[in-house]
Amino acid sequence: MRVTDVIIVVAAALLVGVYVSWRAGRIDRLHRRVDMARAALDAALLRRSSVAFELASSAILDPATSVLLATGVHQVRGEERPRDLAESDLTRALRAAFSQPDFRPSLSGKDGADELLAEVEAAAHQVFLARKFYNDAVSATRIARRRPLARVLRLAGKAGLPDYFEMDDSLVE
Amino acid sequence: MKIGIVCPYSWDVPGGVQSHIRDLAEALIEIGHEVSVISPADDDPPAKPRGGPAGVPAAKAAGLPPYVVPAGRAVPVPYNGSVARLSFGFLSASRVRRWIRDGEFDLLHVHEPAAPSLSLLACWVATGPIVATVHTATPRSRTMLAAATALRTALEKINASIAVSEAARTTLVEHIGGDAVLIPNGVATRRFRKADPLPGWPGEGGAIGFLGRMDESRKGLSVLLRAFEILGAQRPGLRLLVAGPGDADDVLHRVPAGLRDRVILLGPIHDDDKAAVLHSVDVFCSPNTGGESFGIVTAEAMAAGAPIVASDIDAFRDVLRGGEAGELFSTGDPAALAAAAARLLDDPARRAALSSAALNAVAAYDWSVVAREVLSVYETVILGRDRGKVTA
């Protein structure tokens, strides 16, 4: 083997190395984006259940609606039901409460009602946003990890393949 | 919140993306946030007085607003079928990097991230929460495929995307990948609220106004011209003021010779001169025959408090609250348009009532409302951040 051959082989190996590590860095960055979006989604869901709980215990609602919402919040906080199903149930409970005829007019005027309802709506909207951003990050990550090089060289390391979070998150039907 | 906004196109040249960023930045500042915008711009813009057509006052030669940081000269290059003024290259990248380091932003908001300019560079150099807004529908070309890896690597860092229209959202989904929340453009109502009318307008005999492309049939100018034939014959002093690009001779030939001197064509006008035009007429007309999803021009006329006559398409019905904030006439019918306009021209009290109803209704589309929706995207993204500031 001549010296030039050696140089070419070493250079090629170096280039491949740089490329592979760049690709690995990309996948790592995508995983961090997923983690950040997931943390945001968790925080948004937590905030939604807190304000829903506040509404349930606020004494501005009729007792039946209060119990409906409190049950939803309890399910979300407990372990019995899978997370996505419990969160969807809370959405449906909120939707059922908000879509009662004259729900808003009957409450407005009560102490702090308007603020509280606005807070619940804002929290629900934030869940909608956070879930969209999270699923978007998951899909980008899954596409990057599906590519042959990433699969063969296991560029993602031990990180699990992130899953989409599906739930009913719309306050209006 | 400290927000860094990246504008890809030259600040010195008027354009939709630039106005969007200006209005968003000012609304955010008004709410109480700290905003810095980096944009291609000449550090020392040459004062080019621009004479407006037909007595429209020229807009003031614009110095940069205090929140804009110039990123150096933009280079005119062909992009997307026209010449755009963009900033690219390592020098621009290092300027963006320095701006991010100095700014200590909580979040970056890049606009039109796929355009080969500052926004893409910002995505490339930055680490931290990034929100992107997609404005136009840009079909993916062969050349974009060649650069796909470079593009994807930068765009993958975006934590949340906003689309200003359903068309822009579809483009993002199909050609760049990913999903976006839809937040339509706002209306900068205070820019239209007050303006001096053009000299001599609206005049004794009354005036009707139109703003939009003269040669695009769905803007409906031909419906208005035929209505003006009817109205002009009955009202000797009535004039028609038309602003927008298109072939003037072609338009004048469609008007009977006896009425031609009462149809005044301003040609294309600058954004800053729209308000003056809207304040120069007694009745503003939106005769569109379809194809509008929102009707920004109609909303701007509402913001100017103009009494409006609009065709009865869904977009106008929505924005005019089913006719409460402006008269609706059956779409494409010149006689109905003439009758509605005549009623308004003869009834100053009704005009005043419509004007204040329009001002009231358009408040829901103001930038201050839209900016809060954008803020809730920022807040959602930041909710999950692990580190503090954006770094580069």
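For the structure itself, consult the block above.
Novice: Sorry if this is basic, but what is going on with the interface of chain A and chain B here?
Specialist: How big an interface is tends to be stated in terms of accessible area lost as the parts join. Opposite the 19 residues of chain A that make contact, chain B presents 17 residues. Among the secondary structure elements, those contributing two or more residues to the side of chain A that touches chain B are α1 (3-56) and α5 (113-146) of chain A. The residue inventory of the side of chain A that touches chain B, partitioned by class, reads 11 nonpolar, two polar and six charged.

Novice: Before we go on, may I ask you to explain the pairing of strand β7 (residues 130-134) of chain B in this structure?
Specialist: Each regular strand shows side chains that alternate between the opposite faces of the sheet. All names here are of chain B. Within β7, five of the five residues are buried, which leaves the element mostly enclosed by the surrounding structure. Here β7 shows no split at all, with I130, A132 and V134 on one side and V131 and T133 on the other all buried. Relative to β7, strand β6 (residues 107-111) runs parallel, the two being bridged by four bridges. Residue pairing across strands places V110 opposite A132, the latter belonging to β7. Between the parallel elements β6 and β7, the chain passes through helix α3 (residues 118-125) in a crossover that is right-handed.

Novice: When you look at the sheet that holds strand β14 (residues 308-311) of chain B in this model, what are you seeing that I'm missing?
Specialist: Note: strands within a sheet are paired through backbone hydrogen bonds, in either parallel or antiparallel orientation. Residues and elements named next belong to chain B. With parallel pairing, the six strands of this open sheet are ordered in space as β12-β11-β10-β13-β14-β15. Only two strands of the sheet have a single neighbouring strand rather than two, namely β12 (263-267) and β15 (327-329). With strand direction ignored, the average angle separating the axes of adjacent strands in the sheet is 20°. Two strands pair when backbone bridges link them, and strand β10 (residues 207-211) and strand β11 (residues 239-243) are joined in this way by five bridges, in the parallel orientation. Within β11, the residue paired with F210 across the bridge is V242. Each of β10, β13 (283-286) and β14 is contacted by helix α11 (residues 296-303), which is oriented at about 165° to β14, the strand it contacts most.

Novice: What should I look at first to understand the environment of V16 of chain A in this one?
Specialist: Residues and elements named next belong to chain A. Mapped onto the elements, V16 comes out in helix α1. Its 10 C-beta neighbours within 10 Å are what place V16 among the exposed residues. When the C-alpha positions of V16 and D102 are compared, they lie 66 Å apart, and in sequence the two are 86 residues distant.

Novice: Got a minute to help me understand the nonpolar core in this structure?
Specialist: It is characteristic of soluble globular proteins that their nonpolar side chains tend to be buried jointly. Residues and elements named next belong to chain B. One finds I308, V309 and A341 to be the most contacted residues of the largest nonpolar core, which totals 152 residues. Here this core spans two domains, since at least three of its residues come from each of domain 1 (2-186 + 367-383) and domain 2 (196-364). In contact with A341, not counting residues within four places along its chain, are I208, A227, L231, V283, C285 and V309.

Novice: For this particular structure, what's the right way to read the sheet that holds strand β2 (residues 34-39) of chain B?
Specialist: Residues and elements named next belong to chain B. With parallel pairing, the seven strands of this open sheet are ordered in space as β3-β2-β1-β6-β7-β8-β9. Two strands lie at the open edges of the sheet, namely β3 (68-70) and β9 (181-182), each paired on one side alone. Sheet topology places strand β1 (residues 2-6) next to β2; five bridges connect them, and they run parallel. By the bridge assignment, I3 is partnered in β2 with V35. Across the sheet, α3 touches β1, β2, β6 and β7, and the angle it forms with β6 is around 145°.

What counts, and where the lines are drawn
Residues numbered from 1 in each chain as written. Chains lettered and ligands numbered in written order. Predicted model: local features only at pLDDT ≥ 70, side-chain atom pairs only at ≥ 80, totals over all residues. Contact = placed C-beta atoms within 7 Å. Helix = DSSP H or I, 4+ residues; strand = E, 2+ residues; numbered from the N terminus. Nonpolar A, V, L, I, M, F, W, Y, C, P; charged D, E, K, R; others polar. Buried ≥ 20, exposed ≤ 12 C-beta atoms within 10 Å, placed from the backbone. Pairing = 2+ DSSP bridges. Right-handed = clockwise from strand over helix to strand, strands pointing away. Axes fitted to C-alpha atoms, helices over the stretch in contact; angles between N-to-C directions. Core = buried A, V, L, I, M, F, W, Y, C linked by C-beta atoms within 7 Å. Domains from an automatic or database assignment.

In short, the description is geometric, and any link to function would need to be established separately.
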